[in-house]
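Close look at the chain arrangement
Listed below, chain by chain, are the residues.
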Amino acid sequence: MLNIEVNLPELSSEYPVTSENIRQFQEQGHILLRGVVSQVEIDAYRPNILKAMQRNLEENHAIEKLVKGNQENWIYINNLWSLDEITRRFILASRFGQIAAQLLGVDAVRLFRDQTYFKKPGGTDTPWHQDGYFMPLDTDKIITMWLPLVDVTPEMAPMSFVTGSHRGAKYLGTSTPQPEKMQEFAQSIIQRGYEITSYGSLGAGDVTFHSGWTLHSAPTNKSDRTREVLVIVYYADGARIAQPKQLDSQAPLPERFAEQMRQQTQNSCFPGLKPGDLAVTPMNPLIYRKNT
C-alpha cells in the first residue's frame, strides 16, 4: 500500500517472525532475517535518507564523538528520525517494532535511538562491546536492529556476534579498536568457551537483530564502497531510568567511562528524566504494541 501524499510505502505490514526465529534469538542473542525491507521499499526511501544525512552532518552526538575518537571515514548521526519527516516514516516503522517486540517476548517497544553507521572505504574497526552496559535503563529487554541500505559483502565490515554472550546480562569486557587488540580480545572470548558468528553477505533490506547484552564488533571496511547502515535500538515499554553507579576516583577507567556514557545517553535520549522515572519522553515514541 502506498501513501498517496508522498508516494512512499507505509512499512506497516507485519514480517512473519516464526517461533524458531524467536527461539534462535533468545538462545543465541542474535539473528539474521532476510528481506525485512524489500528492494522496492529501499529504493523508495534511501535517496531521501541520504539527503537527510547530508543536511545534518553536524548533528553528530557527543557520545558517538567519544566512541569515534580520531577515527576517520565514519558518518554518525544520532536520531535522524527527529530531523526529517520522510526519514521518520522509515525509522518509526511499526514493522520493525513488531519484530523487535516478538524477539524480545514483550507486548510493546519504544525507540531508544537511531544512528547512521556509514563506514566509508577504509573506515576502521568497531571494537568489541555490549550496548546494554552503556545504557541507563533498568531492563535487559533491549534490542538493536542493524539494517543495510545497500548490499554488504564480507569486505564491507559486516557485524560479528559472540553467541550466548547476552545470557545473564553480564559485562564481559570491551576491546579497543586496534586490530591486534581486537584479535586478542576475540581469542580470549573463544578460550572462555564462546563462539563468534558472522553472517557474511547481506542484501539491502536484510537485517540482523542482537540483544543489548550481546558482544559484537565489525572490522575495517576493506572495499571501495561505503557500507550504508541504519541502526535502530528498541527497549521494552515500561522500563525505567536506572540508578547511577556510585564510583569513586579509584574506580577503573573503563567503569568511569561507561558511567559517563550512561549519563550522557540519559541526557540525550531521555531528556529531563531522573533515576526511577518511567523511560518515556517525546524522544521515545511507542513503535509497536501487540493487539490484545
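Counting restarts for each chain: residues are numbered from 1 in the order of the written sequence. Where totals are concerned, whole chains, interfaces and linings use all residues; where local detail is concerned, this predicted model gives features only for residues with pLDDT of at least 70, and gives and counts side-chain atom pairs only at 80 or more. Side-chain calculation: all heavy atoms of the structure are included, whereas hydrogens and water are not.

Remarks on the sheet that holds strand β14 (residues 286-289)
Two modes of strand pairing occur in sheets, parallel and antiparallel, and in both the strands are linked by backbone hydrogen bonds. Should DSSP find at least two bridges between two strands, the strands are taken to pair. The way it works is that DSSP assigns letters per residue, a run of H or I at least four long becomes a helix, a run of E at least two long becomes a strand, and they are numbered from the N terminus. What the six strands build is an open sheet, ordered β3-β11-β8-β13-β5-β14; its pairing is antiparallel. In the strand order of this sheet, the two ends are held by β3 (30-33) and β14, each with one partner. Across this sheet, the average inter-strand angle for adjacent strands is 25 degrees, counted without regard to direction. For strand β8 (residues 142-148) and strand β13 (residues 229-236), the ladder comprises seven bridges, and the chain directions are antiparallel. Here an axis means a line fitted to C-alpha atoms, over the contact stretch when the element is a helix, while the angle between two N-to-C directions is reported on a 0 to 180 degree scale.

Notes on the packing of aromatic side chains
Aromatic rings from Phe, Tyr and Trp, with only the six-membered ring used for Trp, were paired whenever their centres fell within 6.5 Å, and each pair was classed as stacked if the ring planes differed by under 30 degrees, edge-to-face if by over 60, and tilted otherwise. Per the stated rule, a full pass over the model turns up 10 aromatic pairs. Both rings, one in Y45 and one in F90, keep their centres 5.1 Å apart while their planes meet at 50 degrees; by these two values the pair is tilted. Of the two residues, Y45 is situated in helix α2 (residues 39-55) and F90 in helix α4 (residues 85-91); the sequence distance between them amounts to 45 residues. To sort residues, take the accessible area from a 1.4 Å probe on protein chains only and compare it with the maximum for the residue type: under 20% means buried, over 50% means exposed, and anything in between is partly exposed. Using a relative accessible area of 2% as the deciding quantity, one classes Y45 as buried. You can call F90 buried: its relative accessible area is 1%. Measuring from centroid to centroid gives 5.2 Å for Y133 and F134, while their planes differ by 75 degrees, and the two rings are edge-to-face. Overall, the relative accessible area of 8% leaves Y133 in the buried class. In this structure an aromatic cluster arises from ring pairing among Y45, F90 and F96. For a Lys NZ or an Arg CZ to count as sitting over a ring, it must be within 6 Å of the ring centre and within 35 degrees of the ring normal. Here the basic side chain of R262 rests over the ring of Y133, its NZ or CZ set 4.8 Å away from the ring centre.

Brief notes about helix α5 (residues 94-104)
Burial runs high along α5: nine of the 11 residues are buried. All buried positions along α5 are accounted for by R95, F96, G97, Q98, I99, A100, A101, L103 and L104. Directly beyond the C-terminal end of α5, a positive phi value near 80 degrees is found at G105.

Some points on the confidence of the model for the protein chain
On average, residues of the protein chain carry a pLDDT of 89, and 90% of them reach 70 or more. One confidence number per residue, pLDDT, is output by the predictor and ranges from 0 to 100. Contacts between residues were defined by any pair of non-hydrogen atoms, one from each residue, lying within 4.5 Å. With pLDDT under 50 throughout, residues 1-5 is counted as low confidence; its partners more than four residues away or in other chains account for 11 contacts.

With respect to the pairing of strand β9 (residues 160-163)
On β9, burial covers both faces: S160 and V162 on one face and F161 and T163 on the other are all buried. As judged from the four bridges shared by β9 and strand β10 (residues 195-198), these two strands associate in the antiparallel manner. Considered in β10, the bridge of S160 is made with S198. Sheet topology note: the β9/strand β12 (residues 216-218) ladder contains two bridges and is antiparallel. Each bridged residue has a counterpart across the sheet, and for F161 the counterpart in β12 is H216.

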